[in-house]
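# Structural description and commentary
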Amino acid sequence: MSLYSTSVKKPVTTLMIFIGVLILGIYSYMQLPVDFYPKIDPPYISVFTYYDGANATDVEQNITRKLEDNFGSLTNLKTLSSSSKDNISVITLEFEWGTNLDEATNEVRNAVGMVERQLPDGVKTPTIFKISTSMIPVMVFTVTANESYEGIKDILDNKVIQPLNRVDGVGNIYQIGSPERAIMVDVDPRKLDAYDLTVEQISGILTANNLNLPSGSLKMGKSDLPLRLQGEFANSDVVKNIIVSNANGKTVYLRDIATVRDSLKDVDSYERANGNKSVRIMVQKQSDANTVTVAEKVRAKMEKIKKTLPPDIKVDILMDTSVNTLASINNLSSTLLYALLFVVLVVFLFLGRWRATFIISLSIPISLITGFIYMFLSGSTINIITLSSLSIAIGMVVDDSIVVLENITKKLEKGGFAREAAIFGTSEVSLAVMASTLTIIVVFLPMAMLGGITGIMFRPLGMVVTIAVTTSVIVSLTLTPMLSSKLLGNRVSSTTNFSGRIYSFSQNMLGKIDNVYEKILSWAVGHRWSVIIIAGCVFLSSVFLMKFIGTEFMSSSDNDRLSAQVKLAQGTKLEETVLTAKHLDSIFMKKYPEIEIVSTSAGTGDENSLAAIFTETGNYIINYTFKMKPRAERKKSIFDIANEMRKDIEALPEVEKYYVDPGSTRMSGSMGMGGGNYMEVKIFGNNFDETDIVAEKIAQALKNIKGNKDILISRDREKTELQLVLDNEKMTYFGLNTATVAAAIRNRVTGLTATKYREDGNEYDVIVRYDEKYRQSTEDIANISIPTPQGRLVKLGELTTLKRFYSPPNIERENKVRMVKVSSAVSGTDIGTVKAALENEIPKMNIPDDVSIDYGSSIENMQDSFKSLVMLLMLSMVLVYIVMASQFESYIEPFIIMFSIPFAFTGVFIALFIFHATINVISLIGTVMLIGIVVKNGIILVDYTNLMVDRGYSLKKAVIMAGRSRLRPVIMTSLTMILAMIPMIVSTGSGSETWRPMAIAIFGGLTFSTLVTLILIPTIYTIFGVGKIKKSRKKQVKLLTENILMS
Amino acid sequence: MKAVFVVYNQSLGRHVREILNQLTIRGFTRWTDIMGTGSGKGLPHEGTHTWPDLNNANLVIVEDEKVDSLLSKLQSLDKEVEKEGLRAFVWDIEKMI
């Protein structure tokens, strides 16, 4: 027994199965976490190696090169890039997407193990570090304080960070820019020398005075009591009263030779939020935790924590990744609902019957809900990709039910009985329905097999749509006939009630459309060649339109985030940088009411934190993070604001380099996750000077090309260093060696941590060093006294000479060749245009032979993705042809149908042009989808025309009859899809920019190709059909059928 | 005894069976999924994509007196759904075992 007759005969079973599916789907839906993108594990592994005291060139030669040589043979390695700076070498290994990173990490570890012995002494063991998306902070808070500022580190540690750490799913939490309490002992070197003391001795005395020691036990009577010596500093005041010497019988207290301050460590960073002193708290999630859930819990916990904090401490959310995700998801969900509404309206307008509309509409929730079941089982999330795939599916899942229901209704109108009409009506079209769904599946399923980042992004889309349309076929072959047999009768609806009036209205209107179409079609069939020539011209002219459409990787979207970096001249001291920062702060706060929080940070801060990996810090660098008001509450987009900010920053003469990054996509962009549009030119060459000149020329050329902002050269200018050159002879004379001299200088300039002062379970450093006024100039350095083993003091100036010299601050390499990157943020135009313009300029630059140029970042992604999408496009066309050829058992008919594909492209170009959208990954994916969608119309038309020809009608008549009869199903199934796209096009909410191009492509492509298909396909059919008919038609059949038709 | 050959669009199967039951006619032979075309207005029933309908046929052997009531019931069914197609032909049974 067939599927449909079983389901019609067992309505209860059928109903129960679908109710079961619905319940499972709702359950899955409730369990599904929400996220922005599908889970993406960027295939990057970094290797950090510290080599203290080495400059960039040393690091490059002794560490980076040796490691790189061993990494060359790693499996699946895509690019090998490195950056050698003073003291550190960072090698970043980019693997192919989909590589098993655990295995890769092991391989990297082995490679490091092999090379380790060859590294110079003093190099620390390389650290292997897997970069994951969980390192991107989920939330960043700014904490501002007045009175409590000095003790804020401990308050935050105890009251904020500890409780937050206990929240489920929270990974690491960092404090950035918090001041650290320390006991500073600033000694006066002249007094020190006078009393014959050294910094090291003072440090020793402090350590000796700050001790708790068990001193044995005392037996007293019957008891045995432990003796303990409590010598630790009871409070910080004690420190200054410590006796350091008894010179000439006189007691010397520490306060006599030094100023002791219980205060903050030297400020080496500047942190402000809206101009107030602040600290940032950065919350990361555990790698398997869900961003939105973690953010929600952290937010809730923070509300509770706020009440326990001192009143002057204010906590604000600077960045919350979940807000944008939720907004985008909500936006997309409402789009989905509008699409649903439109589809139901179209169905109702065409059928004019409530019951039929209800039956067809039912296939929407059921098909979509199986999508949720798939997402749940595959461990996916509700994200913008899965949700938009549901939006796409909405317009397609009704098609099968429409075809089935239409045939059943036709049977009923012929006067059949409901049950039989349902069974046999379904049986007749079941093959056609399955075949047309197969054309959709062969387009979407290969999407799930795409490689690279595109594959990871679009796999869920391919799978969800495939599953939804498969379900829709099953629904159309079971539930639809079952419900039709129960709900539909061959009653003629009355024209008096509301639904009856709608029915007659819609039928009248459709009848008129039918008549108009029939006239057009008759004309077209009579003037075949003119129609074909016109069509050809339209297609060719649309190809020229392509010139006016830009290309990019992915549209950037307004996600309420903005960040910026301003670099002053290398070697600018923090105090100077702070002045600029304060000036900019006041400009930004005054000028842009759209900004909620301006978070400013300058200086090195805590260099060891993970945050330092993502953002470049330094005394001459100011980093800005802005929190914008939600998109709905501001008029200017982040892109407009960014453009204005660029002007503000440019006006400052001290600024050497800067960028403004709307959307804060630089970081994720560098991890290959798209978003943002960056032009990146890589210049390879081992000679620093040559490549620098080329970089400068390219930067200049980019400056002259419209639309390039934030042009940056990745290699910083050479920086000045003060080098102390030791005189070995003199050093030996005094009995000193390099290590003792270096340590002595370090202790006096940077300071020596003598001991730790304990209070309330917290430890604070006690730091001894020269008072600031004695370490400000080169003379001060020369005046530093170094104790010799003979107990004498010798001035540093006697041992060394001071020299200034220049060194490259960072050396970047890619695939073992030195490289400079010139990058720019493209806005107001598209990357493709900029690239073309730059390529015109490059030949004029006289580039030396050993320097080569390549493109990276967005361009690299774009080229890779476009290549695989074009492959996918070809593959889809071939597969669609295969499906159709076997369905029609013909080589020619599928070919006729495929004429609708080029016009889908024409439609895409026109729509992209009208809506000012670009050709990017998303609109290309939309175009690929179109192949499966547009041939459906052709299939419906050609199939029915074949039927008419087989039933004995003349070719022209068959074509016109089929056209008239199939006009409604074609328009109806196309309209459901087209209208389902409109909410996505008009939506302006968060994240809408990302998906608009796809909706535009489908909208334009399908609209245009439907209109063309309706006229062109029948026309072409008549040309190819003549021969076929001559061959196949037999006289008897003709006579017989004509007899039948006559009567 | 008469033999009544009822050939009908298979979508009428349930109704033909009901008629036989109503008349308490037990004995019959049925062929399903068979092809045919009517001599007059009928469209071909071929089970193909072009002509998707198919017929069933019952060969019913009944007592002479039941023939008329059977034919009239079949005729009214045919009138109800004229486009589906139903025909009945009667001939004599000469011998039986």
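As the structure is a prediction and not an experimental result, all values here were calculated from the model. (Residues numbered from 1 in each chain as written. Chains lettered and ligands numbered in written order. Predicted model: local features only at pLDDT ≥ 70, side-chain atom pairs only at ≥ 80, totals over all residues.)

Attention shifts here to the overall build of chain A. Along the backbone of chain A there are 34 helices and 30 strands. Taken across its 1047 residues, chain A has 45% of its residues classed as buried. Sequence separation of 24 or more characterises 80% of the internal contacts of chain A that already satisfy a separation of 6 or more. (Helix = DSSP H or I, 4+ residues; strand = E, 2+ residues; numbered from the N terminus. Buried ≥ 20, exposed ≤ 12 C-beta atoms within 10 Å, placed from the backbone. Contact = placed C-beta atoms within 7 Å.)

Okay, the overall build of chain B next. Along chain B, the regular secondary structure elements total 2 helices and 4 strands. The order of α-helices and β-strands along chain B, N terminus first, is β-α-β-β-α-β. Taken over C-alpha atoms, the radius of gyration comes to 13 Å for chain B, in line with the 13 Å a tight globule of 97 residues would show. Expressed along its principal axes, the backbone C-alpha trace of chain B runs to roughly 40 × 30 × 25 Å. Within the span of chain B, comprising 97 residues, buried residues form 24% of the whole. A separation of at least 24 residues holds for 71% of the contacts in chain B among residues at least 6 apart in sequence. (Rg over C-alpha atoms; globule rule 2.2 N^0.38 Å.)

So, about the interface of chain A and chain B. Counting from both sides, the interface comprises 13 residues of chain A and, opposite them, 13 residues of chain B. Elements represented by at least two residues in the side of chain A that touches chain B include exactly helix 13 (418-447) and helix 31 (921-950) of chain A. Looking at the side of chain A that touches chain B, the element that brings in the most residues is helix 13 of chain A, giving 4 residues. Of the residues that constitute the side of chain A that touches chain B, the class distribution is 5 nonpolar, 3 polar and 5 charged. (Nonpolar A, V, L, I, M, F, W, Y, C, P; charged D, E, K, R; others polar.)

Residues and elements named next belong to chain A. The biggest cluster of nonpolar side chains holds 198 residues, and the ones touching the most others in it are Val 343, Ala 393, Ile 394 and Leu 930. Counting residues per element, this core draws most heavily on helix 31, which supplies 18 residues. If we skip the residues at most four places from it in the chain, Ala 393 touches Ser 367, Leu 368, Gly 371, Val 464, Val 465, Ala 468 and Val 469. If you look at the next biggest cluster of nonpolar residues, it comprises 28 residues, including Met 139, Ile 176, Ala 289 and Met 319. (Core = buried A, V, L, I, M, F, W, Y, C linked by C-beta atoms within 7 Å.)

Backbone hydrogen bonds are what pair the strands of a sheet, in a parallel or an antiparallel way. Residue and element names in this part refer to chain B. Taken together, 4 strands build an open sheet; the order of strands is 2-3-1-4 and the sheet is antiparallel. The open sheet terminates on both sides in strands that have one partner only, identified here as strand 2 (28-34) and strand 4 (86-92). Ignoring which end each strand starts from, the neighbouring axes of this sheet average 15° apart. Bridging between strand 1 (residues 2-9) and strand 3 (residues 55-62) involves 8 bridges; their strand directions are antiparallel. Within strand 3, the position partnered with Val 4 by the bridge is Val 60. Across the sheet, helix 1 (residues 13-22) is in contact with strand 1, strand 2 and strand 3; its angle to strand 3 comes to roughly 10°. Packing of helix 2 (residues 64-80) onto the sheet brings it into contact with strand 1, strand 3 and strand 4, and relative to strand 4 it is tilted by some 165°. (Pairing = 2+ DSSP bridges. Axes fitted to C-alpha atoms, helices over the stretch in contact; angles between N-to-C directions.)

Here we take up the packing of helix 2 (residues 11-31) of chain A against helix 11 (residues 354-377) of chain A. Residues and elements named next belong to chain A. Close contact between helix 2 and helix 11 brings their axes to 8 Å; oriented N to C, the two are set at 50°. The angle between the axes of helix 2 and helix 11 places the two elements in the oblique class. Regarding helix 2 and helix 11, the two cross each other, and that crossing is left-handed. In this structure, helix 2 contributes Phe 18, Val 21, Leu 22, Leu 24, Gly 25, Ser 28, Tyr 29 and Gln 31 to the contact, and helix 11 contributes Ile 366, Ile 369, Thr 370, Phe 372, Ile 373, Met 375 and Phe 376. Tallied by class, residues from the contact of helix 2 with helix 11 come to 11 nonpolar, 4 polar and no charged. (Parallel < 35°, antiparallel > 145°, perpendicular 65-115°, else oblique. Left-handed = near helix turned anticlockwise from the far one by under 90°.)

Residues at a pLDDT of 70 or more form 94% of chain A, whose mean pLDDT is 84. When the elements of chain A are averaged for pLDDT, helix 21 (residues 666-670) of chain A gives the smallest value, 53, and helix 2 of chain A the largest, 93. (pLDDT = per-residue confidence, 0-100.)

Let us now look at unusual backbone geometry. Residue and element names in this part refer to chain A. For Asp 196, which is not a glycine, the phi torsion comes out positive at approximately 60°. Turning to its location among the elements, Asp 196 is positioned in the loop between helix 6 (189-194) and helix 7 (199-209). Unlike most non-glycine residues, Lys 816 shows phi in positive territory, near 70°. Mapped onto the secondary structure, Lys 816 falls in the loop between strand 28 (810-814) and strand 29 (817-826). On the basis of neighbour count, Lys 816 is assigned to the partly exposed category, with 16 C-beta atoms found within 10 Å.

Before going further, it helps to examine helix 7 of chain A. All names here are of chain A. Here helix 7 has its buried residues at Val 199, Ile 202, Ser 203 and Leu 206. All buried residues of helix 7 project into a common sector of 100° when viewed along the axis, lining one side. Its buried side turned inward, helix 7 meets strand 7 (181-187), strand 10 (243-247), helix 24 (738-749), strand 23 (752-759) and strand 24 (762-770). (Arc of directions from axis to C-beta.)

On to helix 32 (residues 955-986) of chain A, then. Residues and elements named next belong to chain A. Counted at 1.5 Å a residue, the expected span for helix 32 with its 32 residues is 46 Å, and the 43 Å between its end C-alpha atoms agrees. The principal kink in helix 32, of about 45°, is found at Arg 966, preceding the proline Pro 969 by one to four residues. With respect to burial, helix 32 is a largely interior element, 23 of its 32 residues being buried. (Expected span 1.5 Å × (residues − 1). Bend = angle between axes of the 7 residues up to and from the residue.)

A separate point is the confidence of the model for chain B. Keep in mind that low pLDDT regions are not for reading the predicted coordinates in detail. In the predicted model, chain B carries a mean pLDDT of 88, and the fraction of residues at 70 or more is 100%. If you check the scores for this complex, the pTM reads 0.80 and the ipTM reads 0.79.

So, about the sheet that holds strand 23 of chain A. All names here are of chain A. Pairing is mixed in the open sheet, where 4 strands are placed in the order 12-7-24-23. Of all strands in the sheet, those with a lone pairing partner are strand 12 (258-264) and strand 23, marking the two edges. This sheet shows a mean twist of 25° between the axes of neighbouring strands, independent of strand direction. Judged from the 7 bridges that link them, strand 7 and strand 12 form a sheet pairing that is antiparallel. Residue pairing in the sheet places Met 184 in a bridge with Arg 261 of strand 12.

Here we take up the environment of Ile359(A). Residues and elements named next belong to chain A. Within the secondary structure, Ile 359 is located in helix 11. Judged by local crowding, Ile 359 falls into the buried class, with 28 C-beta atoms found within 10 Å. Along the chain, Ile 359 and Ala 535 lie 176 residues apart, while their C-alpha atoms are 39 Å from each other. Beyond its immediate chain neighbours, meaning those up to four positions away, Ile 359 contacts Ser 401, Leu 405, Thr 480, Leu 483, Ser 484 and Leu 487.

Below, the discussion takes up the environment of Glu759(A). For Glu759(A), the location among the structural elements is in strand 23. As a C-alpha pair, Glu759(A) and Ser236(A) span 523 residues in sequence and 9.2 Å in three-dimensional space.

Now for the packing of helix 3 (residues 56-71) of chain A against helix 4 (residues 101-116) of chain A. All names here are of chain A. Remark: helix 3 packs on helix 4, axes separated minimally by 9 Å, with the N-to-C direction vectors making an angle of 130°. Comparing the axis directions of helix 3 and helix 4 gives the class oblique. Our pair here, helix 3 against helix 4, has a crossing hand that is right-handed. Contacts between helix 3 and helix 4 pair Lys 66, Leu 67, Asn 70 and Phe 71 from the former with Ala 111, Val 112, Met 114 and Val 115 from the latter. Of the residues contributing to the contact of helix 3 with helix 4, the split by class is 6 nonpolar, 1 polar and 1 charged.

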